[in-house]
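# Per-entry structural report
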Amino acid sequence: MAPILSKIAIVGAGVSGIAAAKQLAHHQPVVFEATDCIGGVWKHCSYHSTKLQSPRCDYEFADFPWPNRENADFPSHLEILEYLDSYASHFDLRRFIRFNSKVVAVRFIRDVSANGDSGEYGVLLPGRPVWEISVMDTESGTIQLYKVEMVVMCIGKYGDIARLPEFTSGRGPEKFAGKVMHSLDYCKLGKEEARELVKGKRVAVIGYKKSAIDLAVECAQTNEGEEEGQACTMVVRGLHWTVPHYWVWGLPFFFFFSTRSSQFLHERPNQTFLKTLICLLLSPIKQGVSKFIESYLTWKMPLVKYGLKPEHPFLEDYASCQMAIMPETFFRHADEGRIVIKKTSKWWFWNGGIEFDDGSRSEFDVVIMATGFDGNKKLHDIFPPQFRTFLHYPSGMMPLYRGTINPMIPNMAFVGYLESVANLHTAEIRSIWLARLVDEKFKLPETRKMVEQINEEMEVMKRTTRFYKRHCISTYSINHSDQMCEEMGWNPWRKNTWFSEAFSPYGSQDYNKTTTK
């Protein structure tokens, strides 16, 4: 079967994929989506109770505001899917998408040395195919080959492949007589199936991040008022800060992190000597802000009572994009005994349930592991061997210039791998930047300089948080966007007055093309 030729292939039709498709629409890209719908993790990795972690006005496309954007409620995953569906319809993006089309392999079909030794990355659309993509029709099982000039990877770090704990022989799930599953499998259950799984059962949820917290609450709600209802046990190994809402002692949360003035408190890559000096002088204020927020959280929520107060500063969780919204009913369920918290450093299975490192045992019927996803494996499984070593530095982070271009991988871009305060906005501005780069509106720096920039970002992350491997830019996101704006020829200062520029939050609406000054 002869390969099908196209200019640009986009892999994945989640938030990042449709953002990239919209910005590259003038090139008629082909979008490969393994499932039968758009939405990515919002469709396939959400519980029935899953809600957005930020206000809807912070999670919208620059040229497509929510119809009810001032609604203070956090939208459900169904509302988000409806919003994404409306966006795709409004901009007629489905004409590019090939559903039930799973990319199983990508192969570079040019000599890597063809890029030359000039130190330049080269144009993204060279005028001839450089990648061959193997795409499987998930309904028929047949494989079709596509040859393209450029690939945009938008499969993200979450979903698809579960990350599971490793156990020594005889202590793994095979030892357990009950049911073991990952949260990814739980998400695939229908509402009644999920209810029947946990109703009246002794359930253990492994983890203490957002998915684990939501799952424990959903389990507790299912058993609320049931005569045979059982408590849900959360097995907690590592603690992270959670917030009940986006206000701290009466002040809006954005005041501390999402304004241009607030970001002067935090180190940023390649900052001038003056900014370094200012950052050093303001470091006591930065630490004070973290303590100020921690004081509110320990006052507002019974973290000490339940042993859920982390040892590390709040700032480290914010800097690694690990801050989660705590459902308002969580501690009520804990007070009523429907959620039981078990802290442990190690655990393993026995026939009747779980054994802990303190020698105690607990009996369970169902164990659900909310232990995250293996985004690295998703990429490694489809990438050609000669490029796999370039996907991740020893630090564990993917080396990406402006969160989009890997200097060692030609004619390819990545959208959705760098985290920020609002990942939809992050995906959109990178897609805008990428489209202008594809159209040769500006040129990339030399490969050496891109690598230096990437290394500097990684060093800043390492100095800011122990959880740097998540590669989050939340503490210097405005500065990061400023640099992208400058490369695109936009004015990085997007506000109308100096006061709003200094003290009002930055969001996607500030980067609408019509606001370019």
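The rules behind these values
Residues numbered from 1 in each chain as written. Predicted model: local features only at pLDDT ≥ 70, side-chain atom pairs only at ≥ 80, totals over all residues. Heavy atoms only, no water. Domains from an automatic or database assignment. Contact = heavy atoms within 4.5 Å. Buried area = accessible area lost by both parts, 1.4 Å probe. Salt bridge = Lys/Arg side-chain N within 4 Å of Asp/Glu carboxyl O. Patch = residues over 30% accessible without salt bridge, like charges linked within 9 Å, V, L, I, M, F, W, Y side chains within 5 Å. Areas by Shrake-Rupley, 256 points an atom, 1.4 Å probe, with all protein chains shown as cover. Helix = DSSP H or I, 4+ residues; strand = E, 2+ residues; numbered from the N terminus. Buried < 20%, exposed > 50% of the residue type's maximum accessible area, 1.4 Å probe, protein only. Pairing = 2+ DSSP bridges. Axes fitted to C-alpha atoms, helices over the stretch in contact; angles between N-to-C directions.

Split by domain assignment, the protein chain resolves into domain 1 (4-159 + 374-475) and domain 2 (195-345 + 365-369). Taken over C-alpha atoms, the centre of domain 1 sits 28 Å from the centre of domain 2. With 25 residues of domain 1 in contact, the opposing surface of domain 2 contributes 28 residues. Between domain 1 and domain 2 the total buried area reaches about 2300 Å² when both faces are included, carbon and sulfur atoms providing 53% of it. At the boundary of domain 1 with domain 2, the tally comes to 2 salt bridges. With its nearest N and O atoms 2.5 Å apart, the salt bridge here joins Glu267 to Arg463.

Time to look at a nonpolar patch on the surface. A cluster of nonpolar side chains, Trp249, Leu251, Phe254, Phe255, Phe292 and Trp299, forms an exposed patch at the surface whose accessible area comes to about 590 Å². Broken down by secondary-structure element, the contributors of at least two residues to the nonpolar patch are α7 (254-257) and α9 (283-300). Relative to the elements of secondary structure, Trp249 occurs in the loop between β11 (247-248) and β12 (251-252). By relative accessible area, which is 38% here, Trp249 ends up partly exposed.

A word on the sheet that holds strand β15 (residues 347-350). With antiparallel pairing, the 3 strands of this open sheet are ordered in space as β15-β16-β17. Only two strands of the sheet have a single neighbouring strand rather than two, namely β15 and β17 (361-363). Strand-to-strand twist across the sheet, computed as the mean angle between neighbouring axes with direction ignored, equals 30 degrees. In terms of strand pairing, strand β16 (residues 353-356) meets β17 through 3 bridges, oriented antiparallel. Opposite Gly353, over in β17, you have Glu363 as the bridge partner.

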